[in-house]
Amino acid sequence: MNEHPEAEITLRWNEPEVSYDVVIVGGGGHGLSIAYHLATRHDITNVLVLESGYIGGGNTGRNTTVIRANYGIPEAVRFYQHSLERYRALEDETGRAMMHDRKGLLWMAHSEAGVRQERARSAVNQAFGAETVYLEPDEIAEVCPEVDLTCGGGFPTVLGASFHQGATARHDRVVWALAEGAMRRGVHVAPGTAVIGLVHDAGRVVGVETAGGRIAAGTVVSAVGGNATVLADMAGVRLPIRTHPLQAFVTNRHQRRFDPIVASGDLGFYVSQTARGQMLLGAEIDRQPSYSRRSTHDLLASLSHRAITVLPFMRELRVLRQWTGSCDMSPDYSPVMGDTGVDGFLVTTGWGTWGFKAIPAGGEVMAERIATGVVPELMAPFALDRFGRDRTLADRGSSGTH
Amino acid sequence: MSLRIRCPHCGPRSVEEWVHGEIPVVPDAIADPDARDVDRGYMHTNEHGVVREAWFHLSGCRRWVTLWRDSRTDEWVEPPG
């Protein structure tokens, strides 16, 4: 494996020009995926991606890179299954390695309520193309012998749901490949350029303000993570979003290969092994809405305890790094994509703790909406106006972070 | 460091003992009563700065406390004015 992919990937930044057909705010996975799909699927290349920091340096670089489709409602399973399949094809399509690694996902239940939830979810998964099978405890022991099936005696494992197609990918490489693919076709990307205002004309959003000046746009797309409501507020759009911190950490290298991604809904924890052999752990979001990216000892202590309850070997490992991202949580734990009621201003937000896996499909459907003016079928259920129409998409149990 | 909340009855306690409660503010600009209901039910101001909020001390005195916090830093601040 080449450990220095930046030597082979060519990224040349652009000074923004004065006008574009499409300006995308946010140079993370979603923003760059929209640009990539506009260029590759619709031949729309007069596009600018603005990023306040460096590309992929927001939540795309702060998540735990799990790719799965075992969600709890038909609309979500269809969408994430499509995204998962697109992820698999993306390496060949872009010609760039993303360290896409199909590991399988083992989701354990330790209570009657947990089992009920997994059974319901598996039925929906099966019906909509995300293959899921049940495992009895002895079968779990075969798939993942490291698991303590009694979980320290306190949480005997009753059932596992195995999602074979679960995978991970390297977040930087995903971002770089999409950026490179878009830029090679003429898309401009400008890191270090924050949007400080929106330009309005007769009730329409017609551009953005940056420290370097005004940039006109046929369409402005907010692909912002963390500050989605701040940008929407500039457009006069109210969003159903609260921003919560989400923490994660990695340990030092575990000497043996640890194959599946292991999750427990009841314990509120999930773990996978990185390509470097480190164990990567995530858990629930912090309870207070906050833009702070401070990590806490509470989470570190509690999550470590949960981890060694399920996987006792982790007792021997040490914590290397802990970090925090900002998650845009929607009330129904589903994303919000598309029109906002303000002409010229689209959003893709509400990516909470499930955004990384949605990067290919999210960019694809948004690009189609921009190019054709028609809302694609996969995207339609996730419209912002679903809340006013009483058509929310409650999927809390599938997030793995609650 | 972890977020600690100063309870007027129990002293400083870890955030783990508390339930967060948003105090919803529907903008005056929204006039239509149905639209106001939707906003109150689903939309959030998601303040980027100082926010007034309610906390319920679930694993303690079980009382509600109103506090002001800077959402950019998670620091507690005095009520403005």
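Residues numbered from 1 in each chain as written. Chains lettered and ligands numbered in written order. Predicted model: local features only at pLDDT ≥ 70, side-chain atom pairs only at ≥ 80, totals over all residues. Heavy atoms only, no water.

A. View of the overall build of chain B. A tally of regular secondary structure across chain B gives one helix and six strands. Starting at the N terminus and ending at the C terminus, chain B contains elements arranged as β-β-β-α-β-β-β. Along the first, second and third principal axes, the C-alpha set of chain B runs to 45 × 25 × 25 Å. Of all 81 residues assigned to chain B, the portion counted as buried reaches 35%. For chain B, long-range pairs separated by at least 24 residues make up 38% of all intrachain contacts whose partners lie at least 6 apart in sequence. The averaged location of the 14 negative side-chain charges in chain B is 9 Å from the averaged location of its 10 positive side-chain charges. (Helix = DSSP H or I, 4+ residues; strand = E, 2+ residues; numbered from the N terminus. Buried < 20%, exposed > 50% of the residue type's maximum accessible area, 1.4 Å probe, protein only. Contact = heavy atoms within 4.5 Å. Lys, Arg positive; Asp, Glu negative; His and termini not counted. Charge placed at Lys NZ, Arg CZ, Asp CG, Glu CD.)

B. View of the overall build of chain A. Check the secondary structure of chain A and you find eight helices and 19 strands. By principal-axis analysis of the C-alpha atoms, chain A measures approximately 65 × 50 × 40 Å. Relative to all contacts within chain A whose residues are 6 or more apart in sequence, the contacts with residues 24 or more apart total 77%. For chain A, the exposed area adds up to about 15,500 Å²; of that, 48% sits on carbon and sulfur atoms. (Areas by Shrake-Rupley, 256 points an atom, 1.4 Å probe, with all protein chains shown as cover.)

C. Geometry of the pairing of strand β5 (residues 64-70) of chain B. Residues and elements named next belong to chain B. Both strand β4 (residues 50-56) and β5 contribute to a ladder of seven bridges, which runs antiparallel. What sits directly across from arginine 52, in β5, is tryptophan 68. Pairing between β5 and strand β6 (residues 75-77): three bridges, direction antiparallel. Counterpart to aspartate 70 in the pairing with β6 is glutamate 75. (Pairing = 2+ DSSP bridges.)

D. Quick peek at the interface of chain A and chain B. Taken residue by residue, the interface counts 26 residues in chain A and 28 residues in chain B. Together, the buried faces of chain A and chain B total about 2,300 Å²; carbon and sulfur atoms form 48% of this surface. At the surface where chain A touches chain B, the tally comes to three salt bridges. A salt bridge links arginine 238 of chain A to aspartate 39 of chain B; its shortest N-O distance comes to 2.6 Å. Joining chain A to chain B, the criterion identifies 17 residue pairs in polar contact (both at pLDDT 80 or more). Of all the secondary-structure elements, those providing two or more residues to the side of chain A that touches chain B are α6 (228-235), β13 (242-253) and α7 (297-310) of chain A. (Buried area = accessible area lost by both parts, 1.4 Å probe. Salt bridge = Lys/Arg side-chain N within 4 Å of Asp/Glu carboxyl O. Polar contact = N/O pair within 3.5 Å; in protein donor to acceptor, adjacent residues only side chain to side chain.)

E. Geometry of α6 of chain A. Residues and elements named next belong to chain A. If you check which residues of α6 are buried, you get Ala228, Thr229, Leu231, Ala232 and Ala235. Down the axis of α6, the sector holding all buried residues measures 160°, keeping them to one side. Against β1 (19-25), β10 (195-201), β11 (204-210), β12 (213-222), β17 (319-329) and β19 (345-349) lie the buried residues of α6. Where α6 terminates, the next one or two residues include glycine 236, which has phi positive at roughly 75°. (Arc of directions from axis to C-beta.)

F. Focus on the sheet that holds strand β4 (residues 101-102) of chain A. Residues and elements named next belong to chain A. The three strands are arranged β3-β8-β4 in an open sheet whose pairing can be described as antiparallel. Only two strands of the sheet have a single neighbouring strand rather than two, namely β3 (66-67) and β4. By the bridge criterion, two bridges tie β4 to strand β8 (residues 167-168) in an arrangement that is antiparallel. Within β8, the position partnered with aspartate 101 by the bridge is threonine 168.

G. Geometry of a negative patch on the surface. A contiguous patch of negative charge, built from Glu136, Asp138, Glu139 and Glu142 of chain A, is present on the exposed surface. Here glutamate 136 of chain A lies in the loop between β6 (132-135) and α4 (137-143). (Patch = residues over 30% accessible without salt bridge, like charges linked within 9 Å, V, L, I, M, F, W, Y side chains within 5 Å.)

H. The domain arrangement of chain A, seen in detail. All names here are of chain A. As assigned here, chain A comprises domain 1 (16-63 + 171-241 + 331-398) and domain 2 (102-165 + 242-328). Distance from the C-alpha centre of domain 1 to the C-alpha centre of domain 2: 30 Å. Taken residue by residue, the interface counts 20 residues in domain 1 and 15 residues in domain 2. Together, the buried faces of domain 1 and domain 2 total about 1,300 Å²; carbon and sulfur atoms form 45% of this surface. Taken together, the links from domain 1 to domain 2 amount to zero salt bridges. (Domains from an automatic or database assignment.)

I. How the structure looks around the sheet that holds strand β7 (residues 159-163) of chain A. Residues and elements named next belong to chain A. Spatial strand order, β6-β7-β5-β14-β15-β16-β13-β17: eight strands in an open sheet with mixed pairing. The open sheet has two free edges, formed respectively by β6 and β17, since each of these has just one partner strand. The average undirected angle you get between the axes of adjacent strands in this sheet is 20°. Relative to strand β14 (residues 261-264), strand β5 (residues 105-109) runs parallel, the two sharing four bridges. Bridged to methionine 108 within β14 is serine 264. Against the sheet, helix α3 (residues 112-127) makes contact with β5, β6 and β7, and its axis sits at roughly 150° relative to β6, the strand it touches most. (Axes fitted to C-alpha atoms, helices over the stretch in contact; angles between N-to-C directions.)

J. Looking closely at empty space enclosed by the protein. Scanning the entire structure with this criterion turns up two cavities of 30 Å³ or more. For the largest cavity, the calculated volume is near 170 Å³. Forming the walls of the largest cavity are 17 residues, and the residues nearest its centre are Pro289 of chain A together with Glu22, Asn46, Glu47 and Val51 of chain B. Elements with a minimum of two residues in the lining of the largest cavity: β3 (19-22) and β4 of chain B. By residue number, the principal contributor to the lining of the largest cavity is β4 of chain B, which donates three residues. Of the residues belonging to the lining of the largest cavity, the class tally is six nonpolar, five polar and six charged. (1 Å grid on protein atoms, 1.4 Å probe; cavity = no way out; pocket = protein on both sides within 12 Å on 5 of 7 lines; lining within 4 Å. Points joined across faces, edges and corners; volume = space filled by probe spheres on them. Nonpolar A, V, L, I, M, F, W, Y, C, P; charged D, E, K, R; others polar.)

K. The arrangement of the pattern of salt bridges in detail. All names here are of chain A. Applying the stated criterion across every chain yields a total of 22 salt bridges over all chains. Ionic pairing is found between glutamate 93 and arginine 41, a salt bridge with its closest N-O pair at 3.1 Å. Of this pair, glutamate 93 sits in helix α2 (residues 74-94) while arginine 41 sits in helix α1 (residues 29-42), placing them 52 residues apart in sequence. In this structure glutamate 93 comes out as partly exposed when scored by relative accessible area, which is 32%.

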